[in-house]
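# Residue-level structure breakdown
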Amino acid sequence: MGVRGRARPKHEVAEVIRQFEAEYSQQYRYSSPRGSAMRHILQCRTAALGGQVRGCQACGKVEIAYNSCKDRHCPKCGAYDKAQWLEAQKVWVLPIAYYQVVFTIDHVFNPLVWANKKKLNDLLLRTAAALLKAYGQRYLGGELGFTLVLHTWGQQMQRHPHVHAMVTGGALVETDGGYRWQAARPTYLFPAEEFSAAFRAAFCEGIRQLWQQEKLNLGRNQAIDVAQLLQAGENQKWEVYIQTPRGKPGDLLDYLGRYVYKTALSNHRIIAVGPEQVRFKYYDNRDDGKLKEMELAGVEFLRRFLDHVLPKRFQRIRHYGLHHSSQRKKLALVRRLLGLTAELPTV
């Protein structure tokens with residue numbers, strides 16, 4: 001049995017790789033990170049990575065447990081790492097309301113983002129962080145704490161770059177008489193329309209600067225027209241989703257943890273792997289989240305899955321403000337202001 005008692009999946013992404021990798025490599029040039037991801041997924045929990053032999057002294061039964069690859073793109077890995085990550089985050093979790101904020105860029109920029117994954121995903125994260133810091137000062141008068149997680153896919157493994165943020169519903173405010181805690185209103189963090197427009201302007205300006213500095217890859221024969229993309233993107237209305245606090249802080253943290261250790265598609269969602277096609281389940285968010293099925297050519301399935309392999313050493317989880325490790329003294333101060341012991345939880 002798998003995590004939380006789930007039965008082992010009948011099919012795996014590794015099976016798709018074995019069956020369609022040769023054909024995929026004939027049609028697409030893939031980077032070293034994608035090649036490494038495929039190799040690790042194929043080797044995960046096999047004799048290639050070694051393992052441990054476990055024996056029962058009472059009955060004599062012997063069991064072999066093969067090692068995991070630990071690749072962040074592997075559908076088999078992640079459950080244990082997620083549990084460890086969640087435990088480590090307890091150091092900054094406070095008994096307050098937390099907001100979830102989701103930053104999504106206009107899809108017109110997708111070709112440019114995928115031609116410049118490291119630069120533009122980094123720009124997306126930095127833009128979200130800068131805005132949260134600025135608006136924390138503007139509307140709450142102090143320093144927020146927040147954690148960002150980059151997510152690049154939708155339910156059908158299509159390109160959908162966006163950032164999930166877990167944000168304190170309040171800020172640490174410095175006054176002449178010392179520090180105080182300023183709580184946000186229960187159902188209001190920032191003005192959503194203004195915040196969304198500011199995000200659009202800041203992200204587009206970031207692209208414009210990189211373009212003017214000639215730091216962007218525009219594809220073969222300069223095929224990507226950045227001026228046209230900017231015009232289209234800036235003429236659209238962007239919406240940053242600000243979800244009011246729900247449940248306990250740990251509930252949102254657990255939800256965020258799913259995105260930290262989640263791949264473009266889990267093995268459990270694969271229904272069938274045929275000689276030419278792969279069928280899988282997905283939730284259709286445009287139809288009230290109904291569970292549906294989709295069938296793709298095996299090569300196209302593999303292309304979509306590998307499309308979301310991140311550049312090597314790219315940091316997709318980032319902590320800022322009161323959540324950053326350099327701000328532990330301020331975090332201890334917040335705990336005292338909230339009537340807690342100043343000592344941080346040990347993890």
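Before any of the text, the structure's been laid out above.
Below, the structure is looked at part by part. In this text the structure is predicted, and so the values were computed from the model without any measurement.

## Quick word on the overall build of the chain
Along its length, the chain carries ten helices and twelve strands. By the compact-globule yardstick of 20 Å for 347 residues, the chain fits well, its C-alpha radius of gyration being 23 Å. In terms of its C-alpha atoms, the chain occupies a principal-axis envelope of roughly 70 × 65 × 40 Å. Burial analysis of the chain (347 residues in total) assigns 45% to the buried set. Excluding contacts between residues fewer than 6 apart, the proportion of contacts in the chain whose partners are at least 24 apart in sequence is 71%.

## A word on the packing of aromatic side chains
Both the distance between ring centres and the angle between the ring planes are used here to describe each pair of aromatic rings. The full count for this structure, using the stated rule, is 16 aromatic pairs. With a centroid separation of 5.6 Å and an interplanar angle of 65°, the aromatic rings of Phe199 and Trp238 are classed as edge-to-face. With Phe199 in helix H6 (residues 192–212) and Trp238 in the loop between helix H7 (226–234) and strand E8 (241–243), the pair connects residues that are 39 residues apart, well separated along the chain. According to the relative accessible area criterion, Phe199 is buried, its value standing at 0%. Judged by its relative accessible area of 6%, Trp238 falls in the buried class. Of the aromatic side chains, those joined through ring pairs into one cluster are Phe103, Phe109, Tyr135, Tyr139, Phe190, Phe195, Phe199, Phe203 and Trp238.

## Observations concerning the sheet that holds strand E4 (residues 145–153)
As summarised here, the arrangement of the five strands in space is E8-E3-E5-E4-E12, forming an open sheet in which the pairing is antiparallel. Bordering the open sheet on either side are E8 and strand E12 (317–321), each of which pairs with just one other strand. Adjacent strand axes in the sheet meet at a mean angle of 20° when their direction is disregarded. When strand E3 (residues 98–104) meets strand E5 (residues 159–168), the two strands line up antiparallel, connected through seven bridges. Note on E5: the bridge partner recorded for Tyr98 is Thr168.

## Looking at helix H2 (residues 32–43)
Counted at 1.5 Å a residue, the expected span for H2 with its twelve residues is 16 Å, and the 16 Å between its end C-alpha atoms agrees. Buried residues of H2: Arg34, Gly35, Ser36, Ala37, Met38 and Ile41, and no others. With its phi angle positive at about 55°, Arg45 sits one or two positions after the end of H2.

## Observations regarding the pattern of salt bridges
For the structure on display, the rule yields 17 salt bridges. In this structure, Asp284 engages Lys292 in a salt bridge whose closest nitrogen and oxygen atoms are separated by 2.8 Å. On the accessibility criterion, Asp284 (14% relative accessible area) is buried. Judged by its relative accessible area of 27%, Lys292 is partly exposed. Connected through shared salt-bridge partners, Arg34, Arg159, Glu300, Arg303, Arg304 and Asp307 make up one network.

## Digging into the sheet that holds strand E9 (residues 270–273)
Sheet architecture is open: three strands sit in the order E9-E10-E11, paired in antiparallel fashion. Two strands close off the open sheet at either side, each with one partner strand: E9 and strand E11 (290–297). Taking the axes of each pair of neighbouring strands and ignoring which way they run, one obtains an average angle of 20° across the sheet. In the sheet, strand E10 (residues 277–284) pairs with E11 via eight bridges, with the strands oriented antiparallel. The residue bridging Val278 from the neighbouring strand is Leu296, located in E11. In this fold helix H1 (residues 13–27) packs onto E9 and E10, with an angle of close to 25° to the strand it touches most, E9. Of the strands in this sheet, E9, E10 and E11 touch helix H9 (residues 298–306), which is tilted by about 115° from E11.

## As for the environment of Ser31
On the secondary structure map, Ser31 appears in the loop between H1 and H2. It is 32 Å that separates the C-alpha atoms of Ser31 and Glu234, two residues lying 203 residues apart in sequence.

## Things to note about the pairing of E9
The sheet contact formed by E9 and E10 spans three bridges and is antiparallel. Looking across to E10, one finds that Val273 is bridged to Val278. A loop of three residues connects E9 with E10, the two strands running antiparallel in sequence.

## Regarding unusual backbone geometry
For Met157, which is not glycine, the phi torsion reads 65° and is therefore positive. Relative to the assigned elements, Met157 resides in the loop between E4 and E5. Backbone geometry at Glu214 places phi at a positive 55°, although glycine is not the residue there. Assignment of secondary structure puts Glu214 in the loop between H6 and H7.

## As for the packing of H1 against H9
The N-to-C vectors of H1 and H9 enclose an angle of 95°; their axes lie 8 Å apart at closest approach. Taken as axis vectors, H1 and H9 run roughly perpendicular relative to one another. For the pair H1 and H9, contact is made by Val13, Val16, Ile17, Phe20, Glu21, Glu23, Tyr24 and Gln27 and by Gly298, Val299, Phe301, Leu302, Arg303, Phe305 and Leu306, respectively.

Cut-offs applied
Residues numbered from 1 in each chain as written. Predicted model: local features only at pLDDT ≥ 70, side-chain atom pairs only at ≥ 80, totals over all residues. Heavy atoms only, no water. Helix = DSSP H or I, 4+ residues; strand = E, 2+ residues; numbered from the N terminus. Rg over C-alpha atoms; globule rule 2.2 N^0.38 Å. Buried < 20%, exposed > 50% of the residue type's maximum accessible area, 1.4 Å probe, protein only. Contact = heavy atoms within 4.5 Å. Phe/Tyr/Trp six-rings, centres within 6.5 Å; stacked < 30°, edge-to-face > 60°. Pairing = 2+ DSSP bridges. Axes fitted to C-alpha atoms, helices over the stretch in contact; angles between N-to-C directions. Expected span 1.5 Å × (residues − 1). Salt bridge = Lys/Arg side-chain N within 4 Å of Asp/Glu carboxyl O. Parallel < 35°, antiparallel > 145°, perpendicular 65-115°, else oblique.

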